[in-house]
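# Geometric and topological summary
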Amino acid sequence: MSIRVYIYASQKKESQSIKAKLLKQLAKSNIEVVDEEQSFDYIITIGGDGTLLSAFQRLQNRVDSIQFIGIHTGHLGFYADWQSYEIENLVEGLLDCVDKPPVTYPLLEITMEDTIGNNSKFLALNECSIRSNFGTMVSDIYVKEEFFETLRGDGLCIATPTGSTGLNKSLGGAVIHPRLDALQLTEIASLNNRVYRSLASPMIISKDEWLKIYPTIHGKETTFMLMFDNKYISDIEIQSLVLKISDSRIRFANIRHTHFWNRVEASFIGLKQQQNNINQINNLLK
Ligand code: NAP
Ligand code: MN
């Protein structure tokens, strides 16, 4: 079976030189490389997680038909978990994995209604966050159309399971295994005192639930900053946001399996890698 690959590399010199190496390796294996406008089965991103997020945002209307592979160049590489020196293994594995079902993860679907009643829909791989441009943001939050709370603060963040290690984690959210179809809401600097009260802890909703948010500044409609993955829209008038798990899922080529908690350990603790390095040095000194 012939496969078609599209390569999306960051402008960094290192990413461009890895791209050249990868092109050679793909040519050796007779794998066709195409442009973004053409149809393809696999997208290989070269850069950091930011590069993969940016490719996802560009291609979000094609997520159901493509599989992602991320090579990382000196960044954190939570999604981009192939190293630049593994290119030969990657291409070999790519030929072997064609018939294997991909590994899929939940995505966040955002439906935004503006103040004149227009709806727009988009997807996020990590999260969506909304902030006030100035002043305290006052948001009524509904779960499944039922009023839950009024949140006052700088903003809020709704993250997917794979996004739970991004901004969500910095806001005190829990890290969630991506086999769970769940969304997590975290507050950004919420006001909690005798007068104003919100849950003040991360909240996790399930697949059959959705959140509806009506953001205001002291009860008035105004403009906000909306961020989703590595993109943002500043000064946007928002009437409401509906956040739910999308019917689409992101698909990663199933070339090799990295256990989720190993990936979390490698990204945030790193003791296993440190121990490996020490063992290697000790072996050299023997
Ligand atoms: P960035 O400023 O380079 O991202 C910040 C860091 O988050 C980078 O080290 C990035 O990895 C890493 N990252 C991205 N997605 C991640 C995930 N799902 N799990 C763990 N780490 C992750 O901006 P960017 O590269 O365009 O990425 C945008 C994302 O960064 C946002 O969606 C948000 O989740 C996160 N972010 C976090 C904070 C914060 O924690 N205060 C602030 C801004 C953005 P690479 O170095 O490999 O790119
Ligand atoms: Mn980045």
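Analysis parameters
- Residues numbered from 1 in each chain as written.
- Chains lettered and ligands numbered in written order.
- Predicted model: local features only at pLDDT ≥ 70, side-chain atom pairs only at ≥ 80, totals over all residues.
- Heavy atoms only, no water.
- Helix = DSSP H or I, 4+ residues; strand = E, 2+ residues; numbered from the N terminus.
- Rg over C-alpha atoms; globule rule 2.2 N^0.38 Å.
- Buried < 20%, exposed > 50% of the residue type's maximum accessible area, 1.4 Å probe, protein only.
- Contact = heavy atoms within 4.5 Å.
- Lys, Arg positive; Asp, Glu negative; His and termini not counted.
- Charge placed at Lys NZ, Arg CZ, Asp CG, Glu CD.
- Domains from an automatic or database assignment.
- Buried area = accessible area lost by both parts, 1.4 Å probe.
- Salt bridge = Lys/Arg side-chain N within 4 Å of Asp/Glu carboxyl O.
- Polar contact = N/O pair within 3.5 Å; in protein donor to acceptor, adjacent residues only side chain to side chain.
- Nonpolar A, V, L, I, M, F, W, Y, C, P; charged D, E, K, R; others polar.
- Phe/Tyr/Trp six-rings, centres within 6.5 Å; stacked < 30°, edge-to-face > 60°.
- UniProt positions renumbered as here; feature names shortened; annotations may be inferred.

### So, the overall build of the protein chain
When you go through the protein chain residue by residue, the secondary structure sums to six helices and 16 strands. Its C-alpha atoms give the protein chain a radius of gyration of 21 Å, near enough to 19 Å, the size a compact globule of 286 residues would have. The C-alpha extent of the protein chain, read off along each of the three principal axes, is 65 × 50 × 35 Å. The 286 residues of the protein chain split such that 49% are buried. Sequence separation of at least 24 residues holds for 71% of the intrachain contacts in the protein chain that already meet a minimum separation of 6. Mean positive and mean negative side-chain charge positions of the protein chain (29 and 33 charges, respectively) differ by 6 Å.

### A closer look at the domain arrangement of the protein chain
Here the protein chain is described as being made up of domain 1 (3-102 + 253-271) and domain 2 (107-248). Counting residues at the interface gives 15 residues for domain 1 and 19 residues for domain 2. Overall, the association of domain 1 and domain 2 removes approximately 1400 Å² of surface from exposure, summing both partners, and the carbon and sulfur fraction of that is 68%. For the domain 1 face of the interface with domain 2, the top three residues by lost area are Gln57, Tyr79 and Phe260, together amounting to 35%. The interface formed by domain 1 and domain 2 includes zero salt bridges. There are six residue pairs in polar contact (both at pLDDT 80 or more) connecting domain 1 and domain 2. Elements with a minimum of two residues in the side of domain 1 that touches domain 2: α2 (49-58) and α5 (260-268). Counting residues per element, the side of domain 1 that touches domain 2 draws most heavily on α2, which supplies six residues. Grouping the amino acids of the side of domain 1 that touches domain 2 by side-chain chemistry returns ten nonpolar, four polar and one charged.

### A word on the packing of aromatic side chains
Applying the stated criterion across every chain yields a total of 13 aromatic pairs. With centroids separated by 6.5 Å and ring planes inclined at 45°, the aromatic side chains of phenylalanine 56 and phenylalanine 68 adopt a geometry described as tilted. Residue phenylalanine 56 is located in helix α2, and its partner phenylalanine 68 is located in strand β4 (residues 67-72); the two are separated by twelve residues in the primary sequence. Since its relative accessible area comes to 0%, phenylalanine 56 is described here as buried. A relative accessible area of 1% places phenylalanine 68 in the buried class. Note on tyrosine 142 and phenylalanine 147: the rings are 5.5 Å apart at their centroids and 75° apart in plane angle, and the pair reads as edge-to-face.

### Notes on the UniProt feature "binding site: NAD(+)" (unreviewed entry) in the protein chain
Per the UniProt entry, the sites bearing "binding site: NAD(+)" (unreviewed entry) are Asp49, Gly50, Asn126, Glu127, Arg152, Asp154 and Ala189 in this numbering. Over a stretch of 141 residues, the named residues are scattered through the fold, their C-alpha atoms separated by up to 31.2 Å. Residue position: glutamate 127 is located in strand β8 (residues 127-132). A relative accessible area of 6% means that glutamate 127 is categorised as buried. Every residue in contact with glutamate 127, bar those within four places of it in the chain, is listed here: Leu108, Cys157, Ile158, Ala159, Leu167, Met227, Phe228 and Asp229. Among the secondary structure elements, alanine 189 is positioned in strand β11 (residues 182-190).

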